[in-house]
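Residues per chain are reported as follows:
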Amino acid sequence: MNFVPTAPVGTAAERGEIVSRFVALSALAGLLLGIFEAALLRTTPGIMVLLVPDIGLVEWFLAPVLDMACFGLWGLLLGWMAARRPGKHRTALLVAADVAAVAAWVVLRLHWLHARAVMVKFAFARDVLIPLALYAAGVAVSLLAVYLLWKPVSRLAGRLRFKLVRFLSYGLGLAGVVGICGIGIFLVNPFRGSAPSGTESSVRFGDPNIIFIVLDTVRADHLSSYGYSRPTTPNIDKLARRGVLFENAIAATSWTLASHASMFTGLLPHQHGADWAVPLLPGPRTLAEVLGSHGYETAGFVANLDYCQKGWGIGRGFGLYVDDSDSFRHNLAGTLVGTALVQTLYQHFWRYDMFERQDAGEINDEVFRWLRRRARRPFFLFINYFDAHAPYLTQPPYDHRFGRIPARQVHRLFDALETPDHPRGITPADRATLIDGYDNCLAYLDAQVGRLLHVLRKSPEGKNTIVIITSDHGEEFGEQGWYSHGYNLYREALHVPLIIAGPGIPKDVRIRHLVRTRDLFSTVLDLAGGGNTPFSRESLARFWNPDFTPRPFDDFVVSELGPILHKGGKSDMISLTTPQWQYIRNSDGRQDLYHWTADPLDRTNLAESSGAQAALKRLRQRLIQVVADSSEPWRGPNYLFAHSGRGSTFLNEIIGAQEPPQTLYAHKRHFIGAAQALLGPEETTTLPKPGAPDRETLKSLPYQ
């Protein structure tokens, strides 16, 4: 376009015309790029295997407004420079810079499309050299195009009057108003947080409301009610005194998605199939599906940024499921402006975390809003709190309750924890600092749980509500040389809190018997039905029954960890825990054996001890048999196939120990998956296999 008027530039009007043209055309480019960005994010989620996009509809308004504003400011700067010292060659260079900015935006958007995580390990070549080289190439191509096309384009554009630029400005202003209104409607949407009322079912399990709370990444031995030396959880302790506390609850695995899927279906990971790159697909019934079909209103509110998103299948069956994809901050984080600018500023000037992360207080606000507007029928409410997850930073005054993590240490420590091998350079003082931060987060989380319980007690539904508190997995602090979770199946990663309180639940009872968190599937259905249901045999309520007598099916817990894609470490493990022992088999054939009652942190491996060989052999055979007896179909065979490599005969032994289903189910009433079997036949589902780019994407996920 002929950006420089034919007459000498001297008047304010002439300078304003130059600036206006730069601003209008730059803003138009931003608007078009924003629409392209929204389409890209809505159709290409961060993880290709997600069942639904991880970006909300508000992105159609948010991305265009942000990009139009940014490019409008860029055009204002270029226009000011062009008007200040006009000249043909100078203007051509500024136009080329504008075109290059568009090219750079496209390059960076595509580069960061699958890298929106805050704690991705920095690579100089990938994150600096390659983008700079592409940017330089874009600038060179833009300069060449401007040089070759300047004369013909300027002749055509010179015929355009300033009125056309003004008309374009009005159109862009209208687009901006529409975008801002769309964002505003999203922020004040009166229907957000309200579930559809649905229709009353003529058949329902029973009357009690059930609140199922998962304290993500909370290990049992850091709760004061479990004997911890620090008073981390006074409110949860009070709830425990009003109900039943299980001292030895063991999770089905040591990471988020598979553990939640096991609690929601009653199945082991090799049965339900949820894996690092595979969502929980239709097939096994979930708690929300079963309860919803029997008249319960179902709602879920989750804070986990990745593996609890509805796209991973955990939200299946809920009438309302609110995850971070519904939040304004997450949609902002998905844009290039959020990724490259807002996240960088937040991380460097506020705290080392993802700025869209929701804390327990914000989740509670959403829950309270829903409680005020929900339908008047029994409800099943699922809450996932994410506050105890790394990087262990929380709100004041809880950020220094037991000690403060110095800001200068946070980045260094968590870079060290993200290494694919044993973290190096973590001193005893660093470890103590990490534990202080973790305990601070627990204190804040406990305060928010207390706030929820207080509101519940004041509500009409409070007296008829059963509260279940547990965790999906624990957290490691160097007991075996590992930190975080998802690396292995040691006890500190599997031992989780479990508390149940409410009407019909005995008070101030502590149960020492070994229990499985995946039995919460049967427990919830049994409690919803008032007891004496087909699920009672697998329900944890059997342990507080005065007439309870342990049977062989009650004395073991199986935990599984499949081939890990995005981290190194000891993965591909399967574990059998009994009232005295924990047996772990690794995919390389190595075996671990711990006497956990005397060694609760698995410090002494007895697998090579001559006195433990009989127990080792017995536990190995028991593990093979209980897995062989698990109900089919096995949707996640990777959890077992990994143990058949490198000369191992583990999988072959499992297959050899299997019995025909009709024989097995005829003479064995209790087997892994029995609760699902009570619900009838399932539809078989073919699992999609992610391609190589998706597996690379998974390496960037910091949260499990």
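Residues numbered from 1 in each chain as written. Predicted model: local features only at pLDDT ≥ 70, side-chain atom pairs only at ≥ 80, totals over all residues. Heavy atoms only, no water.

Colleague: Which residues make up the environment of N545, and what values go with them?
Modeller: Tracing the sequence through the fold places N545 in the loop between α16 (520-528) and β12 (557-561). Each C-alpha atom of the pair N545 and P506 lies 9.4 Å from the other, and the pair is 39 residues apart in sequence. (Helix = DSSP H or I, 4+ residues; strand = E, 2+ residues; numbered from the N terminus.)

Colleague: Mind laying out the environment of I363, listing which residues take part and the relevant values?
Modeller: Relative to the helices and strands, I363 resides in helix α12 (residues 360-373). A relative accessible area of 2% means that I363 is categorised as buried. Residues I363 and Q448, spaced 85 residues apart in sequence, show a C-alpha to C-alpha distance of 9.4 Å. Setting aside its immediate chain neighbours within four residues, I363 contacts F301, V302, A303, Q358, I383 and Y385. (Buried < 20%, exposed > 50% of the residue type's maximum accessible area, 1.4 Å probe, protein only. Contact = heavy atoms within 4.5 Å.)

Colleague: Give me empty space enclosed by the protein: which residues, what numbers.
Modeller: One water molecule sets the probe size; rolling that probe over the atoms shows where empty space is left. The final tally for this structure, using the stated rule, is 3 cavities of 30 Å³ or more. Of the pockets and cavities examined, the second largest cavity occupies roughly 60 Å³. Lining the second largest cavity, in full, are G266, R518, D519, S522, E538, F553, F671, I672, G673, A674 and A675. For the lining of the second largest cavity, the class distribution of residues is 5 nonpolar, 3 polar and 3 charged. (1 Å grid on protein atoms, 1.4 Å probe; cavity = no way out; pocket = protein on both sides within 12 Å on 5 of 7 lines; lining within 4 Å. Points joined across faces, edges and corners; volume = space filled by probe spheres on them. Nonpolar A, V, L, I, M, F, W, Y, C, P; charged D, E, K, R; others polar.)

Colleague: Outline the pairing of β12, listing residues and values.
Modeller: Burial within β12 is extensive, with 5 of its 5 residues counted as buried. Neither face of β12 is exposed, since V557, S559 and L561 on one face and V558 and E560 on the opposite face are all buried. Bridge count between β12 and strand β13 (residues 573-577): 5 bridges; the pairing is antiparallel. Note that in β13 the partner of S559 across the bridge is S575. (Pairing = 2+ DSSP bridges.)

Colleague: How would you sum up the layout of surface pockets? Please name residues and give values.
Modeller: For the second largest pocket, the calculated volume is near 670 Å³. W350, R351, Y352, L393 and T394 are the residues nearest the centre of the second largest pocket, which is lined by 32 residues in total. When residues of the lining of the second largest pocket are traced back to their parent elements, those giving at least two are α11 (336-349), α13 (407-417) and α14 (428-458). At 4 residues, the largest contribution of residues to the lining of the second largest pocket is made by α11. For the lining of the second largest pocket, the class distribution of residues is 14 nonpolar, 9 polar and 9 charged.

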